[in-house]
Structures are given as C-alpha cells and as structure tokens.
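Fold and contact review
Chain by chain, the residues run as shown.
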Amino acid sequence: MASIFNSLNIGYSALSVAQVGIETTGHNIANAESDGYTRQRVMTAAATPISSMPGQVGNGVQILEIKRVFDNFVYERYAKISSDKEYSDFEKKTLEELSTYFPEIENVGIKADLQEYYNMWQTFADNPENSSIKLALAKQTDVLSQHISYSQNKVASLQAQLNEQLAVNINEVNVLIKEVAELNKAIDVAELDGLYSANDLRDKRNFIEKSLAMLIGAEVSSENLQSDIKIDSSSNTRSGSYTISVNGFNIVDGGTYHPVHVSKENNKVGFYEVSYERQDGTLIPMAEKINGGRIGSILNLRGSSLDTTSGMPTNGIIQNVITQFNGFAKGLIESTNNVYASNATTRINSNVLELNPENSLVNSALNVKEGSFNIIVYDIDGNVAGKRKIDINVSTSMTGIIGSNSIEGQIKSQKDDNGDGNANNDIDDFINFNWATYPNGNKALELAMDPLSESKGYTFAIEDVLKDATFGSGSNFAGALGLNRFFDGDSAQNIKLNHELSTNSTLIGAGSSPVAGDNTIALNMIQHQFEKFDFKIGNSTFNTTAYGMFDTIATNVGTATNASVLKNETVSTQYNATELEFFSVSKVSIDEEMTNLIKYQTSYGAAAKIITTIDQMMQTLLGIKQ
C-alpha cells in the first residue's frame, strides 16, 4: 500500500510540471518576436505506478521532454522560397536602377541626342562653309559622345558595386558557416545522451541556415528524420550527419566548414573570383555553380564567368548591356569614320593597331571586310589627279613587297592610274605608305602626301567602294583602322570627337574634295542615320541602323526589368503563402500562450491544493498519536 509520503510526492510532481509549463510558456511569450524562434511545448506522461493491494496506485506525473513544434518539410520549402525571393528581390531592385539609365522618352535620352546630331549634319549640309555651324556640330557631337560615355560609366559603376557586394556577402557566408559548425558541436554535446533536445540552439542554427539560403542558396541535408507526433501532428526534426551544400559543394560538414574563397589578386581589372577551398587548400572555381540567393543574383547580373585574358565577365545581364553598348558605340564610330574618311587631307594616321601586318586583315580582330576602297588624289582646284582601287580579300595583309596582295604592295605598285602614259602622276608617286612603330611600342598605319605634291596643293582621301547602294556593303577599311576619323575611341566609354576637330572645329569638312561648297560628306552623314550596318555584339551580329541598335539595347533592358518585376510578384506570393504555413506551425501565438498560461496557473493551484490536503491529513495522523 502506498504511503502518505507518496501522495505528497504526487502533489509535488504536479506542482513541478505546472511550474515548468509556466516557465516554458513564459519563454515562448518572451521570444514571440525573436527571429527564428520556434514555440516549445512540455511533453508529460504518468509516472510509473506503484504495484500494491488492491492494484497499481498512481505515482504522479513526469516530464518527458521540452520539445519545439517544428516541421522540417515546411521549413525546407520556406528556406528554398526565401532563397528565391532574395534572388528575385535583388534582381528586381538592380534592374529597376539599370532601367533609369535609359530614359528614352520624347526629347530625353541618347536617342534624342542622336537625332539632334544628325539634324546638325543637315544644317551643315545647307551651309558647308559656315564656321558657327561647324562649332555647333562639334558641340552636339560632344553632347552625344558624353551622354553615351556617361550612360556606359553608370552601367559599369553599377557592375562595380555588384562586384564589391559579392565580396561582402561571401565574407558574411564564411562567418555564418563557421558559426553553424560551432553550433553543431554545441548541439552534439547538449544532446549527447539522447535524452534532451537543444531547442534554442537548433532554432539558432535553423535561422542561420535560412540566412545562408538567402545569401547563397545553400541547402541542408541530414541523415535521419524523426517524427514528433506526440507533441504535434506535423512536427518532425532531422538528426544524425549534417551538411550544408551549394550545388554540390559542401561548405559545412558537421563540426567543420570549408570557406568560400573570394579574391581579385589575379584579375587585372579588379573582378572578384569565387572559389571553393578544399581541406588541402586547393581552390576550385565555383562562381558558375552558385545560382541561388543574393549571391546567385549578383553573379547572374555581374557575370559569373571571367575571361582568363581580359579579366572581364563573359556573361551576366549587366555585362551584356555593357557589351551591347560598346558594340553600338563601336559600330557608330567605325561607320561614321568610314564615311568621313573621304574628306580630302594631306596626312592620315590610323588608330593604334594590334595586329601582325603580315597576316590577313579580314581574319584579324579588325572589322575589315572583303571588298575594295579607292585612294583619290585631288589637285589644288579639287580636280581628281589620280585614283587607285585597292582590293581586299581573305589573304590581303597590311605589309608586303611591291605588287603583292598587301595594302602596302598595292599602294606602292607602279601602275598608270590615269592611263596617260605618265609614270610620275600616279598614286604610288603621290602617297607614302608607312607601317610605323612608335617609341612606346605601339604600331599604326601612316599615309601621307608626298612633300613635293603637298607643297603644290595636292590632297588625298579614302573612299569605300560599295558593292551595292548601302553604306555597309563596303570594305570598312578606313572605319576599322580609324583613318581620317571623325570620332576617336573604340567603345562607349571612350567615344569622343576627334581631338584635332574638337580643338579646331573649323577643320570639320562637309565635302570630299577641297572645293568650297562641296557638301557630299554632310549629305552622306544625313543618309547614315537610315543605313544599316553590322554591329558586332560578342558572337552575334546585328544588321540595323544606329537608332535600331540603341532601341535593341534599351528594349532588352526594359524587357529584362519587366520580366523581373512579374517574376518577383509570383515569387512574393509563393513566399507569403509558405511563410504563413511555416508560422502556423512554429510561430508563437500570444493568444494560445495566454490560454496555456491560464491552464498551467490553474494546474499549479490545484497541485498546491493537493499538497495542503495531504498536509492536513498528516496533521490528523499526528493528532491521533497524541
């Protein structure tokens, strides 16, 4: 038969359970707004009864464990959609900023500047000798060039910001994975005997796991999944071996971690390279494998693949815009210069050229096409004194012996260009060819009028031979090399009016021949806006007008931005639904906790009544003895 002291113990156990229930409920209420906190419940069961006559007598209550209400399946979906939302939010914000660099509305933007630039050529064509119009044309060219460079620099600056954010976020990842590894050790120690669950440590780890998913799209895997249906029908927890991976790269393995390495030491333009550092210190490139979270979005925008030679990204939304902008500017520069090269002068220097002069021009990095161009010499009165057609095919090189298929060989070839039997008034007599090497090692083509002929007032020009009526059907020799150019530069960042023309705008020529009133170049420039040219963008070629190429860039930016906005709306809806589901399982409900607090308060009072009752029984027994 159970003793009266056993009855006292029953009351005490009930009192203890009520107290722990109040403490747990208070802990829930205190952390109701704590990020990552999961509500906890006290699991109780009847204590082992005492066997005696007339049967088993109850022995009170015992606390089995304090468990958190956590559904790992819902949590994994929540972490995954959090990664997607962070990716989408960052992409949307960045592209919306990018789109502000292209305010292509009426009378605003580069396209409007381009239109005004061509309008100035129309005005110049009407007044080819007016110096004030030349100055106005030079100023409008500067406005267009500066706007193109400004917009490109803004895009490049945005890319540079992304590059710096990449390093900051990678460093944050490394701090978090180190903390997770330490938490794993602490959880293993706390749960060593398997009797207790390290609830608060697990909450902290889950919160960091979600942060890692948002940062880099990290995924958690563990060996075992245990159901906790005794505390909640949807509650379950993972245990056993533990890893955090990023698309196959394990960055946390139990109590150890593998830092993500980020460095720009080997990149000459300052772009960070992302690598996975193995235990032996070997670095494995992993940037192209990161496609989730904020870092995945940064890499998708900045570019994840870096060219080993130039150091520049070879992909990425922002890099594609930069590449397209450069292609647009280079196409505008080359096509304009190819038209302007027909302006008569006495000396022509090309851009600095990086090519082997003995190799094929068509197969070089220059945009030289198979075709022909004419070298035309004018006398002091503007009459054609000599003209020679220079052919370019796939085997044509820059230098070579006289009479060869090279540019040098064809210019120096002794031909009777005028058919007059005079061997002293042909192109080879007027033009000096020089493949120059400067003291700094740079190389360029120099074409100059013979000094004696120059003293007599002779000038020369280069005129592309068109295969059909379109400006883009020629060889583009002068445009590709920058001979007698109107624009300096070769990209959106360095496009500008030729230095000599910018210094002295009266040198801008409206015509081909050195005759007052000639406006053929100005008229060709007006037509230039309607002509289609090949704009090379990476491995693709767009055959369109200057307007059309810029519209393509602006449209691509606008389309990408609109797509990101629509995608973000979808992802945000999914995120809100998943977060609501997760919160319904694990989030603290103040109303529910207040109900539990009242329940445990009532239980505590009832348990106290048991003890006072037994105390009165003991007093009765002691009174009988007296």
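Quick caveat, the model's predicted, so the values are computed rather than measured. (Residues numbered from 1 in each chain as written. Predicted model: local features only at pLDDT ≥ 70, side-chain atom pairs only at ≥ 80, totals over all residues. Heavy atoms only, no water.)

1. Describing the overall build of the protein chain
When you go through the protein chain residue by residue, the secondary structure sums to 15 helices and 21 strands. Relative to the globule expectation of 25 Å for 626 residues, the C-alpha radius of gyration of the protein chain, 40 Å, shows a markedly less compact shape. The burial tally for the protein chain puts 48% of its 626 residues in the buried class. When contacts within the protein chain are restricted to residue pairs at least 6 apart in sequence, long-range pairs at least 24 apart make up 66% of them. Side-chain charges of the protein chain comprise 47 positive and 74 negative groups, with the mean position of each set lying 6 Å from the other. (Helix = DSSP H or I, 4+ residues; strand = E, 2+ residues; numbered from the N terminus. Rg over C-alpha atoms; globule rule 2.2 N^0.38 Å. Buried < 20%, exposed > 50% of the residue type's maximum accessible area, 1.4 Å probe, protein only. Contact = heavy atoms within 4.5 Å. Lys, Arg positive; Asp, Glu negative; His and termini not counted. Charge placed at Lys NZ, Arg CZ, Asp CG, Glu CD.)

2. Structural notes on the environment of E569
Structurally, the position occupied by E569 is in helix α14 (residues 546–586). A sequence separation of 20 residues divides E569 from S589, and the C-alpha atoms of the two residues are 28 Å apart.

3. Concerning the packing of helix α4 (residues 131–190) against helix α6 (residues 293–302)
Running from amino to carboxyl end, α4 crosses α6 at an angle of 155°, the nearest separation of the two axes being 10 Å. It follows from the interaxial angle that α4 and α6 lie roughly antiparallel. The two elements α4 and α6 cross, and the hand of that crossing is left-handed. The residues of α6 that touch α4, namely those facing Q159, L162, N163, Q165, L166, N169, I170 and V173, are R294, I295, I298, L299, L301 and R302. (Axes fitted to C-alpha atoms, helices over the stretch in contact; angles between N-to-C directions. Parallel < 35°, antiparallel > 145°, perpendicular 65-115°, else oblique. Left-handed = near helix turned anticlockwise from the far one by under 90°.)

4. Thoughts on the sheet that holds strand β11 (residues 283–285)
Read from one edge of the open sheet, three strands run β9-β10-β11, paired in antiparallel fashion. Each edge of the sheet is formed by a strand with only one pairing partner; in this case those strands are β9 (260–263) and β11. Within this sheet the neighbouring strands show an average axis-to-axis angle of 40°, counted without direction. Contacts from α4 reach β9 and β10 (273–277) within the one sheet, and its direction differs from that of β9 by about 155°. (Pairing = 2+ DSSP bridges.)

5. Examining helix α7 (residues 317–340)
Each full turn of the α-helix corresponds to 3.6 residues, which orients residues three or four apart in the same direction. In a regular helix each residue adds 1.5 Å, so 24 residues correspond to 34 Å; α7 covers 34 Å between its end C-alpha atoms and thus fits that length. With 19 of its 24 residues buried, α7 lies for the most part within the structure. (Expected span 1.5 Å × (residues − 1).)

6. Things to note about the environment of V252
With respect to the helices and strands, the residue V252 is situated in strand β7 (residues 249–253). Judged by its relative accessible area of 0%, V252 is buried. Once the C-alpha coordinates of V252 and V180 are considered, the two residues, 72 residues apart in sequence, prove to be 7.6 Å apart. Those residues in contact with V252 that lie beyond four places of it in its chain are I177, V180, N184, Y242, T243, I244 and Y257.

Geometric values such as these leave the question of function open.
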